[in-house]
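These are the residues of each chain, in order.
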Amino acid sequence: MSSLRATVRNIFNEPGCAKNGSKPESERKKGCTKQLQPGGAAGGCAFDGAKIALQPFTDVAHLVHGPIACEGNSWDSRSAASSGSNLWRTAFTTDMNETDIVFGGEKRLYKAIKQIIDKYDPPAIFVYQTCVPAMIGDDIDAVCKAAAGKFGKPVIPVNSPGFVGSKNLGSKLAGEALLEHVIGTQEPDDTTAYDINLIGEYNLSGELWQIKPLFEELGIRILSCISGDGKYREVASSHRARAAMMVCSKSLINVARKMEERYEIPFFEGSFYGIQDSSDSLREIARLLVGRGAPDHLIERTESVIAREEARAWTAIEPYKARFNGKKVLLITGGVKSWSVVAALQEAGLELVGTSVKKSTKEDKDRIKQLMGQDAHMIEDMPPREMYRILKDAKADIMLSGGKSQFVALKTATPWLDINQERCHAYMGYVGMVKLVEEIDKSLSNPMWEQLRRPTPWNALARAMVKVRSQAIASISDEAIGETARRAKKICVCNTVDLGTIEDATCSHGLTSVEAVRQHTNEAGGCCSRRIENILRSPPAMFQAAE
Amino acid sequence: MAQSAEHVLDHFELFRGPEYQQMLAKKKAFENPRDPAEVERVKEWTKTLEYREKNFAREALTINPAKACQPLGAVFASVGFEGTLPFVHGSQGCVAYYRSHLSRHFKEPSSCVSSSMTEDAAVFGGLNNMVDGLANSYNMYKPKMIAVSTTCMAEVIGDDLNAFIKTSKEKGAVPADFDVPFAHTPAFVGSHITGYDNALKGILEHFWDGKAGTAPKLERKPNDKVNFIGGFDGYTVGNLREIKRILELMGVEYTILADNSEVFDTPTDGEFRMYDGGTTLDEAANAVHAKGTISMQQWSTEKTLPFIADHGQDVLAFNYPMGVSATDDFLMALSLLSGKGIPEELARERGRLVDAMTDSSAHIHGKKFAIYGDPDLCYGLAAFLLELGAEPIHVLSTNGNKAWEEKTKALLAGSTFGQDCNVYPGRDLWHMRSLLFTEPVDYLIGNTYGKYLERDTGTPLIRIGFPVFDRHHHHRSPVWGYQGGMNVLVKILDKIFDEIDKKTSLLGKTDYSFDIIR
């Protein structure tokens, strides 16, 4: 465990992380994220973070060493698209039982590794440590080393048991495992001056593929994507890339920085969320590659691709701008998306009423200020209650967030769109931006929201009835609602006269008899007299029930 | 590969064996078939706009009609009364059809007799058949009431049911005070929903207006009760039970007219129930005193409702209310009519349906639908789809009339999601086929017969309607009320997700989107 502790400390000293670097020594030891508060709701654990970061390697067998809890709850829960192998989706676990906990699970782990190799013969096996075996002292590093020696196959220990900390820390620990055991262990068949790495890109819903054709058009080759649609061999030989793009700003920063340190691969932090960001990222990649020896014309070619793609996207988005006029958005998400999505939404003509910066770095925040102005409403840590309040007060027409906050939005009858990992649509790149705008439009225009924001019709009707009787028109706050309900209620079976008409006639002409109402409303049928009498007489019982 | 006792094959497996395949191939050769290329060419041509124009110019021929005949509806309504034997005056073959049709849908026995008219009856009139038939069925099946309707045969020769029944009673076929209501239900007029309407009106008329001159007319003494009529409905079992629950929650005193929810869902416990549940004859008579009557299907009660209104009641017709707004309207009307409030329990159910809609809206929003079925069902479904943000494109009802067309058009015109939709009254499923080829949609909603359209056009079928023969037990779950709305929503969503899975399941090709979480 001591080596794990050292690794964790090492991560907390990450010089690539501006936020950590600015902290005093004493605070830095406490870790990146805020200490979890016992009794409060919290996000995923370090194991989860490690698995999220590595599982998109598609040809690797991901073996979770632990009781059923860890793999049982996380099996195939992220839709990272694969262009080939399905192995990454297969759930492998040692499914430890009571006996293993008493006698230790190392032998079981070793056998499990052997059986995976016998049955599947994958290019590598990643073994994930979890709380229980870590606590009873199973040494997965030793087991992996022994197995690798015996079977002549990479068996990589991913030492990130849940209890060491947050999901984000787990992703970094997964990065450490790659740096220590994988990257630089194989050589690529050939290299080009256009080879890049994408780090922290997971190809969720196939997002990477929305960008890839542009790279291919420019002749840029993705030597390794860590880890979306990645293969073991690609990451193992990724040290030969000429440049790298750090896609998700915080989760694998240690990988990008250490690869720069060890293999002199320059990197930049960028995003493909939003039109401007996509263009900036393409430009930066071209610049870095040219700096490492690629021909100068790459920059010109990149500019022409950017110009074409931007024009296309703008044309596609243009029709929405009018529809979005005056619509406000609340953005609750983590990290990089907070600023890159801000830009994207502004491009579509939406107004941002706030964005969360809980997981954002200082740089993220600076970028937000640039985009939204100095007085940008940045929400450090928004408890659901506060979120509820903002939405309930109708400060936002739509909320964009991860699945966790979905229910707050829905309970306040606010349209909501998922922009985190469990979403069904890919929003990256120029194409993705158009998709996002289309999805926002669909959400905003869904007829259900109108329905949801109205009180139940019987309450609306009861209120409308108060209005007619008391004549205290001003006291009714939501006149239109009552009006709609009144107009919608047909009194006569022939469906020609509605309640509102009859009430209005009763009220404005002081009518007291059925005959008089008929004259004033053209209500002609013979079957409705009782209903009109009722309206003239007393409020129906449902009105009392609604009080 | 003939059958072996160890491993007996079902028919869909068995005939794939080589010996049978050979047999079928020989048959084909023997038939001297047309050039397959020519067959293919014509097949493709039937998918074109040119063909669609010819198809829609069709006048005399109906191909694959989405409707059934009047007496089927009459039988459906009649069995909803206590101890009532439907007696169809006409040929026995027709009656066998109604019984099998209802049995295949509800998976229940369906009891119904006919006067078994034959050629001589067709020439000389069916009086003797009526007399003997009533006597036999009264003695054999011990009903409390015999509800008479007719097939075409009796209608073409103009048999006078009123006189025949009177004569039968005089001849002692059934006791003079035995209830024998009747309705003329020729198949060459209207459809099964018309038959439902006629039969129900006939029964109410019998009890309320002096039992064909044998008793004094009832004098209406208004009380607080509400009558409820479901109309012809494939979901009658689930729907009527749900409606009873709602009425009881609200504390409304009610009479369900033609309550066939029990007889189409009898328990298997060793006892055969030829009759079960149903509106009692006393209730049917006393229904005249009710405050008002609500019909869930305007076009199933076009004659019955005005008849009831003429007796001094408030009447109100809905169009198969489904979903939030339509159920709101229904409950509001119920509340206004009965003076009873809407309890919190129903408000919560409403909230749950809205919640479910918001959880899943992204998948339904903007999807294009074709709908066919009975006019009220089509209207109700279209309204619910609009509420969900789906886009109805074709709404077709073989037994829909001009008034239905106009009302449905008005509904669609009132929503941005209904702008691209056309309404087709009096059209059949062969028309629908042309529509699906020339203006494709994402999903088709209809009855079992839609499976041929699904196979032909590749449009996934969501089975909602009557009859549904090839899926079991859906009639037990309601589609009315907020909970019913939930069932419809789930039905639609299940199909949508099944389709996504189907489209993404190809190993190594499309399975990059074969996801666990949708």
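Residues numbered from 1 in each chain as written. Chains lettered and ligands numbered in written order. Predicted model: local features only at pLDDT ≥ 70, side-chain atom pairs only at ≥ 80, totals over all residues. Heavy atoms only, no water.

1. Let's talk about the overall build of chain B
Within chain B one finds 21 helices and 12 strands. Dimensions along the principal axes, computed over C-alpha positions, put chain B at roughly 75 × 65 × 55 Å. The proportion of buried residues among the 518 residues of chain B is 56%. In chain B, 72% of the contacts between residues at least 6 apart in sequence involve partners at least 24 apart. Counting every atom, chain B has about 22,000 Å² of accessible surface; 53% of that belongs to carbon and sulfur. Charged side chains of chain B number 54 positive and 69 negative; the gap between the two group centres comes to 3 Å. (Helix = DSSP H or I, 4+ residues; strand = E, 2+ residues; numbered from the N terminus. Buried < 20%, exposed > 50% of the residue type's maximum accessible area, 1.4 Å probe, protein only. Contact = heavy atoms within 4.5 Å. Areas by Shrake-Rupley, 256 points an atom, 1.4 Å probe, with all protein chains shown as cover. Lys, Arg positive; Asp, Glu negative; His and termini not counted. Charge placed at Lys NZ, Arg CZ, Asp CG, Glu CD.)

2. A closer look at the overall build of chain A
Along its length, chain A carries 27 helices and 13 strands. Looking at chain A as a whole, 54% of its 547 residues qualify as buried. Sequence separation of 24 or more characterises 68% of the internal contacts of chain A that already satisfy a separation of 6 or more. For chain A, the computed accessible surface area is about 23,400 Å², with 51% contributed by carbon and sulfur atoms.

3. What about the sheet that holds strand β2 (residues 92–93) of chain A?
All names here are of chain A. Read from one edge of the open sheet, 4 strands run β2-β1-β3-β4, paired in parallel fashion. The sheet is open, and its two borders are formed by β2 and β4 (155–158), each paired with just one other strand. The sheet strands contacting helix α9 (residues 140–151) are β1 (61–65), β3 (125–129) and β4, and the helix crosses β4 at an angle near 175°. Sheet strands touched by helix α10 (residues 167–182): β3 and β4. Its angle to β4, the strand with the most contacts, is close to 150°. (Pairing = 2+ DSSP bridges. Axes fitted to C-alpha atoms, helices over the stretch in contact; angles between N-to-C directions.)

4. Re the pattern of salt bridges
Under the defined criterion, the tally for this structure stands at 51 salt bridges over all chains. One salt bridge in this structure joins aspartate 428 of chain B and arginine 58 of chain B, with 2.8 Å as the shortest N-O distance. Linking aspartate 428 of chain B in the loop between β10 (422–425) and α19 (429–438) with arginine 58 of chain B in the loop between α4 (49–56) and α5 (70–78), this pair joins segments that are 370 residues apart in sequence. Its relative accessible area of 2% is what places aspartate 428 of chain B among the buried residues. In this structure, arginine 471 of chain B and aspartate 470 of chain B form a salt bridge, with 3.7 Å as the shortest nitrogen-oxygen distance. Salt bridges sharing partners connect three or more residues here, namely Glu217, Arg308, Glu309 and Arg312 of chain A. (Salt bridge = Lys/Arg side-chain N within 4 Å of Asp/Glu carboxyl O.)

5. Considering the interface of chain A and chain B
In this complex, chain A contributes 37 residues to the contact, which on the side of chain B involves 43 residues. Applying the counting criterion to the chain A and chain B interface returns 1 salt bridge. For the interface between chain A and chain B, the tally reads 6 residue pairs in polar contact (both at pLDDT 80 or more). Put simply, the parts of the chain that give the side of chain A that touches chain B at least two residues each are α19 (406–411), α20 (429–445), α21 (447–453), α22 (457–470), α26 (529–537) and α27 (541–546) of chain A. Residue contributions to the side of chain A that touches chain B peak at 5 residues, all from α21 of chain A. Tallied by class, residues from the side of chain A that touches chain B come to 18 nonpolar, 10 polar and 9 charged. (Polar contact = N/O pair within 3.5 Å; in protein donor to acceptor, adjacent residues only side chain to side chain. Nonpolar A, V, L, I, M, F, W, Y, C, P; charged D, E, K, R; others polar.)

6. Brief notes about helix α20 (residues 450–457) of chain B
Note that an α-helix has 3.6 residues per turn; residues three or four places apart therefore point the same way. All names here are of chain B. Residues Gly450, Leu453 and Thr457 constitute the buried set of α20. Considered in projection along α20, the buried side chains sweep an arc of 50° and stay on one side of the axis. Residues of α20 that are buried make contact with β8 (368–372), α19, β11 (443–446) and β12 (461–463). Directly after α20, the chain includes glycine 458, whose backbone phi takes a positive value near 75°. (Arc of directions from axis to C-beta.)

7. Re the sheet that holds strand β3 (residues 145–150) of chain B
Residues and elements named next belong to chain B. As summarised here, the arrangement of the 3 strands in space is β2-β1-β3, forming an open sheet in which the pairing is parallel. Every other strand in the sheet has two partners, leaving β2 (113–114) and β3 as the edge strands with one partner each. Note that strand β1 (residues 84–89) and β2 share 2 bridges and pair parallel. Bridged to valine 88 within β2 is serine 114.

8. Re the packing of aromatic side chains
All names here are of chain B. Tallying each qualifying case throughout the model produces 25 aromatic pairs over all chains. Ring plane angle 85° and centroid distance 5.1 Å describe the contact between phenylalanine 15 and tyrosine 20, whose orientation is recorded as edge-to-face. Within the aromatic cluster, the residues linked to one another by ring pairs are Phe76, Phe106, Tyr196, Phe232, Phe264 and Phe466. A cation over an aromatic ring shows up here: arginine 52 above the ring of phenylalanine 56, its NZ or CZ 5.6 Å from the ring centre. A cation over a ring is seen here: lysine 407 above tyrosine 379, with NZ or CZ 5.9 Å from the ring centre. (Phe/Tyr/Trp six-rings, centres within 6.5 Å; stacked < 30°, edge-to-face > 60°. Lys NZ or Arg CZ within 6 Å of the ring centre and 35° of its normal.)

9. A short note on the nonpolar core
By size, the foremost hydrophobic cluster in this structure holds 123 residues, and its most contacted members are Phe330 and Leu331 of chain B. For this core, the element with the most residues is helix α17 (residues 375–388) of chain B, which contributes 10 residues. Setting aside anything within four residues of it in sequence, one finds phenylalanine 330 of chain B in contact with Phe228, Ile243, Ile294, Met296, Phe318 and Pro321 of chain B. Within the second largest apolar cluster, 57 residues are counted, among which are Leu298, Ile317, Leu350 and Leu417 of chain A. (Core = buried A, V, L, I, M, F, W, Y, C linked by side-chain atoms within 4.5 Å.)

10. Digging into a nonpolar patch on the surface
Residues Ile101, Met135, Ile136 and Phe163 of chain A make up a contiguous nonpolar surface patch of about 380 Å² in total accessible area. For isoleucine 101 of chain A, a relative accessible area of 36% corresponds to the partly exposed category. (Patch = residues over 30% accessible without salt bridge, like charges linked within 9 Å, V, L, I, M, F, W, Y side chains within 5 Å.)

11. Let's talk about the packing of α4 of chain B against α19 of chain B
Residues and elements named next belong to chain B. Close contact between α4 and α19 brings their axes to 10 Å; oriented N to C, the two are set at 155°. Comparing the axis directions of α4 and α19 gives the class roughly antiparallel. The interaxial crossing formed by α4 with α19 has left-handed handedness. Of the residues in α19, those in contact with Leu49, Tyr51, Arg52, Asn55 and Phe56 of α4 are Trp430, His431, Ser434, Leu435 and Thr438. Per-class residue counts for the contact of α4 with α19 are 5 nonpolar, 4 polar and 1 charged. (Parallel < 35°, antiparallel > 145°, perpendicular 65-115°, else oblique. Left-handed = near helix turned anticlockwise from the far one by under 90°.)

12. A closer look at the side chain of aspartate 428 of chain B
Side-chain polar atoms of aspartate 428 of chain B contact the backbone nitrogen of tryptophan 430 of chain B, separated by 3.0 Å. If we ignore the near neighbours within four places in the chain, the residues touching aspartate 428 of chain B are Arg58, Leu61, Thr62, Ile63, Asn64, Pro65, Leu396 and Thr398 of chain B.

13. Brief notes about the packing of helix α15 (residues 323–338) of chain B against helix α21 (residues 481–503) of chain B
Residue and element names in this part refer to chain B. Their axes nearest at 9 Å, the elements α15 and α21 cross at an angle of 160°. Here α15 lies roughly antiparallel to α21, going by the angle between them. Relative to α21, α15 is oriented so that their crossing is right-handed. Here α15 contributes Gly323, Val324, Thr327, Asp328 and Leu331 to the contact with α21, which in turn contributes Gly481, Tyr482 and Gly485.

14. Focus: unusual backbone geometry
Cis geometry marks the peptide bond from isoleucine 226 of chain A to serine 227 of chain A, where omega comes out at 10°. When you line up the elements, serine 227 of chain A lands in strand β6 (residues 221–227). In this structure, the amide linkage connecting phenylalanine 466 of chain B to the following residue, proline 467 of chain B, adopts the cis form with an omega of -5°. A positive phi is found at tyrosine 320 of chain B, a non-glycine position, where the angle reads about 50°.

15. With respect to the pairing of strand β7 (residues 243–246) of chain A
All names here are of chain A. Neither face of β7 is left uncovered, since the one carrying Ala243 and Met245 and the one carrying Ala244 and Met246 both have all their residues buried. Of the strand pairs in this sheet, β7 and strand β8 (residues 267–269) are connected by 3 bridges, and their pairing is parallel. Its bridge partner being in β8, methionine 246 is matched across the sheet by glutamate 269.

16. Describing helix α10 (residues 161–170) of chain B
All names here are of chain B. Buried residues of α10: Leu161, Phe164, Ile165, Ser168 and Lys169, and no others. Considered in projection along α10, the buried side chains sweep an arc of 135° and stay on one side of the axis. Among the exposed residues of α10, those pointing more than 90 degrees away from its buried face are Lys166 and Glu170. Looking at the buried side of α10, the elements it contacts are β1, α8 (127–141) and β3. Looking one or two residues beyond α10, the residue adopting positive phi is glycine 172, at roughly 85°.

17. Here's the deal with the side chain of glutamate 309 of chain A
Note that glutamate 309 of chain A resides in helix α15 (residues 297–323). Each residue touching glutamate 309 of chain A, except ones within four places of it in the same chain, is listed here: Leu214 and Tyr430 of chain A.

18. Brief notes about the state of the cysteines
All names here are of chain B. The full count for this structure, using the stated rule, is 0 disulfides over all chains. Among the cysteines around cysteine 69, which has no disulfide bond, cysteine 94 carries the closest sulfur, lying 6.7 Å off. Judged by relative accessible area, which is 21%, cysteine 69 ranks as partly exposed. Of all cysteine sulfurs in the structure, the one in cysteine 421 sits closest to cysteine 378, which takes part in no disulfide; the separation is 9.9 Å. Since its relative accessible area comes to 0%, cysteine 378 is described here as buried. (Disulfide = S-S within 2.5 Å.)

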